[in-house]
Every structure is written in C-alpha cells, then in structure tokens.
Amino acid sequence: MATQTHSLSYAGCNFLRQRLVLSTLSGRPVKIRKIRARDDNPGLRDFEASFIRLLDKITNGSRIEINQTGTTLYYQPGLLYGGSVEHDCSVLRSIGYYLESLLCLAPFMKNPLRIVLRGVTNDQVDPSVDVLRATALPLLKQFGIDGESLELKIVRRGMPPGGGGEVFFSCPVRKFLRPIQLTDPGKIKRIRGMAYSVRVSPQMANRIVDSARSILNKFIPDIYIYTDHVKGINSGKSPGFGLSLVAETTNSTFLSAELASNPQGQGAAVLPEDLGRNCAKLLLEEIYRAWLEESPQSVSRTLVVLSFALDPCWEGEAVSLTRRIQGRLPGTVISPLCV
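Rules behind the numbers
- Residues numbered from 1 in each chain as written.
- Predicted model: local features only at pLDDT ≥ 70, side-chain atom pairs only at ≥ 80, totals over all residues.
- Heavy atoms only, no water.
- Core = buried A, V, L, I, M, F, W, Y, C linked by side-chain atoms within 4.5 Å.
- Buried < 20%, exposed > 50% of the residue type's maximum accessible area, 1.4 Å probe, protein only.
- Helix = DSSP H or I, 4+ residues; strand = E, 2+ residues; numbered from the N terminus.
- Contact = heavy atoms within 4.5 Å.
- Phe/Tyr/Trp six-rings, centres within 6.5 Å; stacked < 30°, edge-to-face > 60°.
- Pairing = 2+ DSSP bridges.
- Axes fitted to C-alpha atoms, helices over the stretch in contact; angles between N-to-C directions.
- pLDDT = per-residue confidence, 0-100.
- Salt bridge = Lys/Arg side-chain N within 4 Å of Asp/Glu carboxyl O.

A few points about the nonpolar core
So, point 1. Counting 53 residues, the largest nonpolar core has Leu20, Ile58, Leu99, Leu102, Leu113 and Phe169 as its most contacted members.
So, point 2. The leading source of residues in this core is helix H3 (residues 95-105), at eight residues.
So, point 3. Filtering out sequence-adjacent residues up to four positions away, phenylalanine 169 remains in contact with Leu99, Leu102, Leu103, Ala106, Leu113, Arg114, Ile115, Leu137, Leu150, Glu151 and Leu152.

Below is the structure:
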C-alpha cells in the first residue's frame, strides 16, 4: 500500500460508515486497521464493500486501498460530485443502511444528487425507507434543504432475503444550512403509519392495521395507517409484511417505530395481529422514553448533530444547544464525531 502520512487512524469495524462519511465531508483521509482481525471471517463484509463502492460513485477522485484480507482500509476522499447514479446494494442490509449516509452527504455535493438504489427496502435491522421518508426529510426541510427536487420514492418493494426493491432519491444542493432550535419536543398531535404486504394476501395489511389501532385508539384519535399491497413486478423477490408508525408532535418532532416479518425460511412465522400490536407498543414506549429524555433513536439525532457541526452560523453555540436536543445523546451519535 502507498504511504499515508497525514491520515487519521482507527482500529476496528465500529462506526465504519460514520467515519467514512465524516472523512468525505471534511476531506481528511482515514486509515482503518484491524477490521474484524480476530474473527473467523476477517475483513470487510459484502455490505460494507458495497457502501465503499457507493462512495466511489458519488465522488470524483477518491482513492481507496484495501489489503488482501480486507482487514485494512485506506480512504482518501475526493470531490463530492453527485449527479445521476445507480447502485445495487447488498441484500445483507436494507437500502436504509445506505440512505442514512446519503442524507448526510447529498446537500453538500457539487451537483444535485439523483440516485437509484436497488435491494431490500424493509428489514429487521436498518431504518426502512418509509421511516426515513417520514422523519428525515421533514428534518432536512427545517434546515432549508427543500424544494421539488427533494424526493424519496419507493418504486418497488423488496423484502429479505431476495430483495428486488428499488428506491429513487434526489436532493438539491445547499451552500448554507438554516439555523434551527430543537429544545422542546412538544406533545403528540397525530400518528401516521404504513402497513405493507409483499407477495402475500392483501388481508395481511388490513389485519395489521386493525391490531395496531386497537392499541393506539386508547391514547389519541388522530390516527391514520395507510396500506400498501404490492404484487407482480413491483413486489420484489421475497414475500413479507410489516408496519412502520410515526408520531408527530406540535413542534414538528417525529418519533418512529417499525417491525417486519421474519425473512422467508428464517425463524418462526409471525402473525400480523401480533406484529401490529407489538409495533404500536414500541411506538408508545418510544414516546415515553423521549418524554423521559432516554430515547434510543439515533438516525435523526445524528443528522441534527452533524448539521449543527457543519453550520458556521452557530460556531460555539452548536455544542451547548445540541446537549439539549431531547435529552442525552447516545454513544452511537457522539463517538464518530469525536475526530
């Protein structure tokens, strides 16, 4: 490998995405060593390699070096170029795994980003495209990243393990971010959701909605859960169903919860009634923990903290203000930012 004298050095696979995203935004090269060095299957996983290929597609002039075992990665970021891009994501992780990072990078590119991602749209590990569309996009709009060119659309749904889904994401370019204050989450005013069924009976989605409403109707009247039954060419390669719920507060804060059925051939069968009730209870728990300032959600918080760090209008005020964003910030948000 070539000599890397001025790069930041890290060890381990923790926060790999976040470190590469921050390296791309700051222009500082990074070298990550001992990536699962003691594991039976050492080195980068397929979904991590796919993410690195995605970074290479949306940048111009990036330099990427990986040793033969995949345990050492050197990444020197190029210019965030943007433009029209297509990428086939690994089916081991959902498209949300890649979208989380694109949401942080897209506003700062040279050209507006228009990207088509193919793979798994909903799984049990990463935030689904439905949740990111309902929570992250309104947050970007608060920072002044809005307009008709800001769009996140599910073209085809894809469930694990086969995938086959397709998502279109476009984002305008902004030179500056609008300063905002997020200190009071407000009170819950409405709940929206999406119950989807892929390559199964359309009654699955209706059963999910009925069971979820049986829990949520006890707390708030303004509830609407949409159903999305997908079949034919738009249904991907594997069957499945699930539910995503989003609670909106009076101060435009969003809290979410979601559940998906087990992948085909893996684990026990899940009843749609149980899934709907459990997802509703997860949302209530998320609301309760947010009120106690102990919410574990980190997707939007990472986006908020990163936006504050990149906004020169705040200067020293950003640090004191982010400490007050709906309670304690989890380690998954803070650790990658400690560069």
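Points about helix H1 (residues 16-26)
So, point 1. When you tally the buried positions in H1, you get eight out of 11 residues, the bulk of the element.
So, point 2. Where H1 terminates, the next one or two residues include glycine 27, which has phi positive at roughly 80°.

Some thoughts on the packing of aromatic side chains
For any pair of aromatic rings, the description consists of the separation of the ring centres together with the inter-plane angle of the planes.
So, point 1. Within the structure shown, the criterion is met by five aromatic pairs.
So, point 2. Ring centres of tyrosine 97 and tyrosine 98 lie 5.1 Å apart, and the angle between their planes is 80°; on these two criteria the pair is classed as edge-to-face.
So, point 3. Accessibility expressed as a relative area gives 0% for tyrosine 98, which makes it buried.
So, point 4. Through pairs of rings, three or more aromatic residues link up here, namely Phe47, Phe51, Tyr97 and Tyr98.

Considering the sheet that holds strand S1 (residues 8-11)
So, point 1. Within the open sheet, the four strands sit side by side as S1-S2-S5-S4. Their pairing is mixed. Taken across any chain shown, the strands that pair with only one partner, and hence form the sheet edges, are S1 and strand S4 (63-66). If you compare each strand with its neighbour and ignore which way they point, the axes differ by 10° on average.
So, point 2. One ladder, built from four bridges, connects S4 with strand S5 (residues 73-76); its direction is antiparallel. When the bridges of S5 are listed, arginine 63 appears paired with glutamine 76.
So, point 3. Sheet contacts for H1: S1, strand S2 (30-33) and S5; angle to S5, the most-contacted strand, approximately 30°.

Examining the side chain of arginine 17
So, point 1. Inspection of the secondary structure puts arginine 17 in helix H1.
So, point 2. Given a relative accessible area of 14%, arginine 17 falls into the buried group.
So, point 3. With near-sequence residues (within four places) excluded, arginine 17 lies in contact with Phe51, Tyr97, Glu100 and Ser101.

What about the sheet that holds strand S8 (residues 113-119)?
So, point 1. One open sheet accounts for four strands, arranged S7-S8-S10-S9; its pairing is mixed. Unpaired on one side and paired on the other, strand S7 (83-88) and strand S9 (151-156) mark the two borders of the sheet. Here the strands of the sheet are splayed against their neighbours by 15° on average, with no regard to which way each runs.
So, point 2. Bridge count for S9 against strand S10 (residues 165-171) is five bridges, and the pairing is antiparallel. Its bridge partner lying in S10, arginine 156 is registered against glutamate 166.
So, point 3. Across the sheet, H3 touches S8, S9 and S10, and the angle it forms with S8 is around 165°.
So, point 4. Running at roughly 170° to S9, helix H4 (residues 129-142) makes contact with S9 and S10 of the sheet.

Focus on the confidence of the model for the protein chain
So, point 1. Per-residue confidence for the protein chain gives a mean pLDDT of 87; residues scoring 70 or more make up 85%.
So, point 2. Here residues 314-328 scores under 50 on pLDDT; set against residues more than four positions off or in separate chains, the count is 29 contacts.

Overview of the pattern of salt bridges
So, point 1. Across all of its chains, the model carries 20 salt bridges by this definition.
So, point 2. A salt bridge links arginine 118 to glutamate 86; the nearest nitrogen and oxygen atoms lie 3.1 Å apart. Remark: glutamate 86 occurs in strand S7 and arginine 118 occurs in strand S8; sequence separation between them is 32 residues.
So, point 3. In this structure, glutamate 273 engages arginine 207 in a salt bridge whose closest nitrogen and oxygen atoms are separated by 2.6 Å. Residue glutamate 273 is located in helix H6 (residues 272-291), and its partner arginine 207 is located in helix H5 (residues 203-216); the two are separated by 66 residues in the primary sequence.
So, point 4. For glutamate 273, a relative accessible area of 24% corresponds to the partly exposed category.
So, point 5. Since its relative accessible area comes to 31%, arginine 207 is described here as partly exposed.
So, point 6. Three or more residues are tied together by salt bridges with common partners; here these are Glu86, Asp88, Arg118, Arg156 and Glu166.

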